[in-house]
Every structure is written in C-alpha cells, then in structure tokens.
Amino acid sequence: MTTFAVFYRPDLSELAEAVKREFNAVDLSCSVGFSHVLILGGDGTLLEAIRRFPCIFDSVVVHLGLGKVNFYRSAEVPMPPREAIVRIISNDYRVVDLATLEAGGCTALNEVSFFRREHGRLLSFKILTEEGEIAGRADGVIVSTPHGTSGYVVSTYGPIVDYRADVVVISFIAPFTLFLRPLVLSSRRIEVETGEEAVMACDGKESGVGRRFVVERGKRRLRLAVFGEFNFLNRVMARLRSL
C-alpha cells in the first residue's frame, strides 16, 4: 500500500497541510509507517530530514525541488505535490540509490569533514585507508560520497565523480603542502587521526569532537524517486551555478 509522510520547510507549512488533508499524509516520524516521504523544500530540507529521522532510509524519498539548491530533486523541474503523488500511486517513476557515509553515529549523504574549531589554525592529520596511509597538514579534511563531490569538495578543487562509482573521495581544505591532492579510493573504511582536537561535521552540521574518527561506507542508501531521466551532469552544473 502506498502511504505518504511529509517533511517541509517552515514557510511551506500551508502547502504541507493541504497535502496531508488531500492524501491522508502524516508528518515525518519514525513512530509511524509509510512507503514514501515527500520533501517540500530543497536539499537543505532533505539533509535535515536525514539528521532528524534516520528511518527515512526505509522509504522512497520524493524531493519536489522547492529550494534554492535542488541537486537531489526527483524531476528536472519543480513538480507540484499532487502531480508527484499521482505518478507515485501509478508507479510511474524509478528509484535511484545513492550512497551514504557513517561516522560517529551520524549518516551523511554528501560528506564528513574535519577541521579545528579555531579558524585559521592548521590541522595535523594522518589518514589510514585500505590503500595505505597519508599524513600532512591542512585547514581541514573532507571525506565525500561520489554525488557529494558537487558540494563542499568543489571548494578544494576536487573531482566531480559519477554518482554510480563505488568509491569515496578524500580532499583537503587549503593544504599546507603541495603533495596533498584529492584522492579517489575504493576503501570501505577510513580512519582519521589528528594531532589536535578536531571537529567532525556531517553534511555541514557539527557531530563530534575528538582526535580519532572512523568513516565507513553507509549500510543504508537513500532511495530517491526519479520521474524521467536522472541527468547527473545537468544537476551538477545547476548546483555549481547556485553556489
């Protein structure tokens, strides 16, 4: 049976209430069951839903593209909720699976980053992977999913990686030494050890403090409903233009 939950940006509450009335949808909560989650907002709204309600990975996500940044939108153009729901009920869509990262109890769709709380202070680190280890100093370290490389990683001149690639990307924020270059690795587990106390952030939100961290490929993947084609490069260019 197709059932819907809704997670929305506060300024879209009237639209959310109308959807709940017409389609008997409920507010997103892990205490009730549903098959699909409607995201009324942009990518920031989706990331907030993931942070607050990890059960979202048990459902299919329908991202209506109503924000400023809409890389994970379900359609190439914003779609009215009613049209999206009718197409879901008619099974007129496909599902794209997107990788995640897990670190310290958080699940990241884009990236996990590490940096010192004091701005302008270098972070000394050693990174251990299944391919070997590397050490150096930089303003920070970013471990990213393939599709996450069109986000924060862009500021480090890192590569844009096809979302279907079975890899992780490690990049460095303002590296102090020239040999530190972005890495594309097949490792499933990455350890980050720091010489100073570091802050860990999952998709931009602080999630821990320490000197040793473990980042692993996520056991769960985001199941995104897609109407029509999923044009990866078109989405990347739209996201870059929005930055």
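As a reminder, the structure under discussion sits directly above these lines.
Read on for an overview of the structure. (Residues numbered from 1 in each chain as written. Predicted model: local features only at pLDDT ≥ 70, side-chain atom pairs only at ≥ 80, totals over all residues. Heavy atoms only, no water.)

**Structural notes on the overall build of the protein**
Looking only at helices and strands, the protein has 4 helices and 15 strands in total. Relative to the 2.2 N^0.38 estimate, which gives 18 Å for 243 residues, the radius of gyration of the protein is 19 Å and therefore close to what a compact globule would have. Along the three orthogonal principal directions, the C-alpha set of the protein runs to about 55 × 35 × 30 Å. In the protein, buried positions account for 52% of the 243 residues. When contacts within the protein are restricted to residue pairs at least 6 apart in sequence, those whose partners lie at least 24 apart make up 67%. Here the protein displays about 11400 Å² of accessible surface, and carbon together with sulfur accounts for 52% of that area. Averaging the locations of the 30 positively and 29 negatively charged side chains of the protein gives two centres separated by 2 Å. (Helix = DSSP H or I, 4+ residues; strand = E, 2+ residues; numbered from the N terminus. Rg over C-alpha atoms; globule rule 2.2 N^0.38 Å. Buried < 20%, exposed > 50% of the residue type's maximum accessible area, 1.4 Å probe, protein only. Contact = heavy atoms within 4.5 Å. Areas by Shrake-Rupley, 256 points an atom, 1.4 Å probe, with all protein chains shown as cover. Lys, Arg positive; Asp, Glu negative; His and termini not counted. Charge placed at Lys NZ, Arg CZ, Asp CG, Glu CD.)

**A few points about the nonpolar core**
Buried together is how nonpolar side chains tend to be arranged in soluble globular proteins. L28, L46 and I56 are the most contacted members of the largest nonpolar core, which has 27 residues in total. The set of elements that each furnish at least two residues to this core consists of β1 (4-8), β3 (36-40), α2 (43-52), β5 (94-98), β15 (222-226) and α4 (232-242). If we ignore the near neighbours within four places in the chain, the residues touching I56 are L28, V37, I39, L46, A49, I50 and V61. (Core = buried A, V, L, I, M, F, W, Y, C linked by side-chain atoms within 4.5 Å.)

**Re the environment of A201**
With respect to the secondary-structure elements, A201 resides in strand β13 (residues 189-202). Distance from A201 to A103, taken between C-alpha atoms, is 9.4 Å for residues 98 residues apart in sequence. Setting aside residues no more than four positions away along its own chain, A201 makes contact with E111, V112, S113, F115, E206 and S207.

**Looking at the environment of A18**
Tracing the sequence through the fold places A18 in helix α1 (residues 13-23). Looking at A18, the relative accessible area reads 30%, which means it is partly exposed.

**Examining the pattern of salt bridges**
Considering all chains together, one arrives at 18 salt bridges under this definition. Put simply, R87 and D92 hold a salt bridge, and the shortest N to O gap is 3.1 Å. With relative accessibility at 22%, the residue R87 sits in the partly exposed group. Across the salt bridge formed by R188 and D166, the nearest N and O atoms sit 3.8 Å from each other. With R188 in the loop between β12 (183-185) and β13 and D166 in the loop between β10 (132-144) and β11 (168-175), this pair connects stretches of sequence that are 22 residues apart. Beyond isolated ion pairs, a larger network of salt bridges with shared partners links R189, E191, R212 and E216. (Salt bridge = Lys/Arg side-chain N within 4 Å of Asp/Glu carboxyl O.)

**With respect to the pairing of β1**
Moving residue by residue along a regular strand, the side chains alternate between the two faces of the sheet. Counting buried residues in β1 gives 4 out of 5 residues, a clear majority hidden from the surface. As paired strands, β1 and β3 are joined by 5 bridges and run parallel to one another. Within the sheet, the bridge partner assigned to A5 lies in β3 and is V37. Both β1 and strand β2 (residues 26-27) contribute to a ladder of 2 bridges, which runs parallel. Its bridge partner being in β2, V6 is matched across the sheet by D27. Crossover connection from β1 via α1 to parallel β2: handedness right-handed. (Pairing = 2+ DSSP bridges. Right-handed = clockwise from strand over helix to strand, strands pointing away.)

**A short note on the state of the cysteines**
Counted according to the given criterion, the structure contains 2 disulfides. Sulfur-sulfur distance for the disulfide between C30 and C55 comes to 2.1 Å. Between C30 and C55 the sulfur-sulfur dihedral comes to about -90°; the bridge is accordingly left-handed. In this pair, C30 is assigned in the loop between β2 and β3 and C55 in the loop between α2 and β4 (60-63), connecting sequence segments 25 residues apart. On the accessibility criterion, C30 (42% relative accessible area) is partly exposed. (Disulfide = S-S within 2.5 Å.)

**Quick word on the packing of aromatic side chains**
Under the counting rule described, the total for this entry stands at 8 aromatic pairs. Measuring from ring centre to ring centre gives 6.1 Å for F71 and F232, while their planes differ by 80°; the resulting arrangement is edge-to-face. One end of the pair, F71, is in the loop between β4 and α3 (81-89); the other, F232, is in helix α4, with 161 residues separating them in the sequence. F71 sits in the buried class, given a relative accessible area of 2%. Arranged with centres 5.6 Å apart and planes meeting at 10°, the rings of F125 and F172 form a pair that is stacked. Placement of the pair is F125 in strand β9 (residues 123-129) and F172 in strand β11, with a sequence separation of 47 residues. Connected via pairs of aromatic rings, a cluster forms that spans F71, Y72, Y163, F230 and F232. (Phe/Tyr/Trp six-rings, centres within 6.5 Å; stacked < 30°, edge-to-face > 60°.)

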